[in-house]
Amino acid sequence: MATALVILAAGQGTRMNSDLPKVLHRVGGAPVLAHAMRAGAALAPERMIVVTGHEGGAVAAAAREVDEEVVIVEQAEQLGTGHAVAQALPALEGFTGKVLVLYADTPLIRPETLEALAASPADVTVLGFEAANPRRYGRLILKGEMLERIVEFKDASEAERAVTLCNAGLMAIGSDVLSQMLAKLSNANASGEYYLTDLVAMARAAGRSAAVVTCNEGESLGVDTRVQLAQAEASFQARARAEAQENGVTMTAPETVYFAWDTVIGRDTVIEPNVVFGPGVTVESGAEIRAFCHLEGCHISRGGRVGPFARLRPGAELAEDVHVGNFVEIKNAILDEGVKVGHLTYLGDAQVGEHTNIGAGTVTCNYDGVMKHRTEIGKRAFIGSDTMLVAPVRIGDGALTGSGSVITQDVPAGAVALARARQENKPGLAAKMFDKLKAIKAKRQNEAS
Ligand code: UD1
């Protein structure tokens, strides 16, 4: 059956104590909202609608980054979850099927759970969970197998509060039920809000069916506080580590490796302890990421060896069998097959041809304080240790730069470039200099005493 998604993201999230709307706080490097959108996208919905309110412009921009076709609907005043969904009705015009209502602040929800909700034959299906501590969640009141109604904590009797089957907030609602009943919600309750949850009792009273699909409590975690944000991050990481291992990745200390929401790692890659993946990293099979590396927005090809202590920044593209060693930073640079950058180097805005060796302490001087410039190095070149490559500059195939050179002009293919002061040796001068210095020191000590 066709599905449409309505993702509620209008709330302020006061308990985050933040200038940022709560759905823009990040888990695995992506806004919480993006996780809900991605889980929902797995259903291949006909329409995806995000309801924004608080800081709506910023929330809409983040939503469009995930899916540029997302429909944004504004809820000017936050009058409750039922009111929020009602704002999406015009955008649902003409849609027939299941409307899934998701909260943008539940980043751990799995696509499988949403599939189960969408596949439920009932007119209204609610996602429930057995709560260890039900606190202020809405309670699911069943009659036999059938869900009769949802009662919000504030409106619940003592007996209803004793129920531990709680409302996670997500629902799948037949489009006909939604269009017929949403307008009839009332706000005559303890919060003075239009509760989406009242739809269940309304549907039942009209002879429609209502059911519960359950998930575990962890999956339904909502991010309302910084503590819950950290819990969500921990759960996300645990899941990402387990998935990487299932996909054939070896981690010597998985609990010290941090993934982003979009990290892709190939089979038989080995990751040593204390490695952080920021967003946008792809690693092909059989690579080795050694301890203490920080990677973001980069690609490592088959057989790559990175670290220990390496930093790959956005636009770092490593072809097959590239070796990047310790204290090396690479940004917006393409390193062709077999390039070696062993130690203490910065390569930014650069292109390095295959099998070139970059000596220790090489720096591409890519920024003049105003503009960025490119460095292009050919194949099988040899950049001597401590070479400053003042961009824009080109080093030809097979060229060599002498250690300590400051290269300000292009070097032709096959040439040796020496750009440093010529060395002069003065025989016997060292001893004379030391004698002179000792005499100066003795004189100063005498003057001081
Ligand atoms: C809601 C449920 C409750 C459930 C709980 C699970 C209702 C009436 N109650 O309560 O049964 O146990 O979630 O977390 O639905 N939102 C809007 N516009 C609004 C109000 C809310 O977009 O006017 C969004 C919020 O941004 C949030 C979500 O809806 O993403 C849930 O709202 P929240 O106020 O947190 O609902 P609860 O009171 O926790």
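Residues numbered from 1 in each chain as written. Predicted model: local features only at pLDDT ≥ 70, side-chain atom pairs only at ≥ 80, totals over all residues. Heavy atoms only, no water.

> Looking at this structure, how should I read the site of the ligand?
Contacts to the ligand come from 19 residues, most closely from Gln75, Gly80, Thr81, Glu152 and Asn167. Contact between the ligand and Leu79: an oxygen atom at 3.3 Å from a main-chain N or O atom of the residue. In the environment of the ligand, an oxygen atom lies 2.9 Å from a nitrogen or oxygen atom belonging to the backbone of Gly138. Protein chains shield 82% of the accessible area of the ligand, which is 750 Å² for the free molecule. Spatially, the ligand is embedded in the largest pocket. Looking at the shell around the ligand residue by residue, the class counts come to nine nonpolar, eight polar and two charged. (Near = heavy atom within 4 Å. Polar contact = N/O pair within 3.5 Å; in protein donor to acceptor, adjacent residues only side chain to side chain. Areas by Shrake-Rupley, 256 points an atom, 1.4 Å probe, with all protein chains shown as cover. 1 Å grid on protein atoms, 1.4 Å probe; cavity = no way out; pocket = protein on both sides within 12 Å on 5 of 7 lines; lining within 4 Å. Sits in = over half its atoms within 2 Å of the grid points. Nonpolar A, V, L, I, M, F, W, Y, C, P; charged D, E, K, R; others polar.)

> What exactly am I supposed to notice about the packing of aromatic side chains here?
Where two aromatic rings form a pair, the distance of their centres and the angle of their planes describe that pair. Scanning the model with the defined rule gives four aromatic pairs in all. A ring pair is formed by Phe259 and Phe277, whose centres lie 5.3 Å apart and whose planes are at 10°; its orientation type is stacked. Here Phe259, found in the loop between strand 13 (257-258) and strand 14 (264-265), pairs with Phe277, found in strand 16 (residues 275-277); they are 18 residues apart in sequence, far enough to count as distant. For Phe259, a relative accessible area of 5% translates into the label buried. (Phe/Tyr/Trp six-rings, centres within 6.5 Å; stacked < 30°, edge-to-face > 60°. Helix = DSSP H or I, 4+ residues; strand = E, 2+ residues; numbered from the N terminus. Buried < 20%, exposed > 50% of the residue type's maximum accessible area, 1.4 Å probe, protein only.)

> So what exactly am I meant to see when it comes to unusual backbone geometry here?
Generally, phi is negative for residues other than glycine and the peptide bonds are trans, each holding for most cases. A cis amide bond links Gly307 with the next residue in sequence, Pro308, at an omega value of 0°. Positionally, Pro308 belongs in the loop between strand 21 (305-306) and strand 22 (310-312). Across the junction of Ala391 and Pro392, the peptide omega takes the value 5°, indicating a cis bond. Secondary-structure assignment places Pro392 in the loop between strand 30 (388-390) and strand 31 (393-395). Although it is not a glycine, Asp349 sits at a positive phi angle of roughly 55°. Tracing the backbone through its elements, the reader meets Asp349 in strand 25 (residues 340-352).

> How should the layout of surface pockets be read in this particular structure?
Gaps left between atoms are located by rolling a probe of water-molecule size over the structure's atoms. Roughly 1,400 Å³ of internal volume is contained in the largest pocket. Elements with a minimum of two residues in the lining of the largest pocket: strand 1 (3-9), helix 3 (81-87) and strand 10 (165-174). In terms of residue class, the lining of the largest pocket is made up of 12 nonpolar, 17 polar and nine charged. By volume, the second largest pocket amounts to about 610 Å³. Lining the second largest pocket are 26 residues, with Arg38, Phe236, Ala240, Glu243 and Trp261 positioned closest to its centre. Considering every element that reaches the lining of the second largest pocket, the biggest residue donor is helix 9 (residues 226-246), with seven residues. For the lining of the second largest pocket, the residue count by class is 16 nonpolar, three polar and seven charged. (Points joined across faces, edges and corners; volume = space filled by probe spheres on them.)

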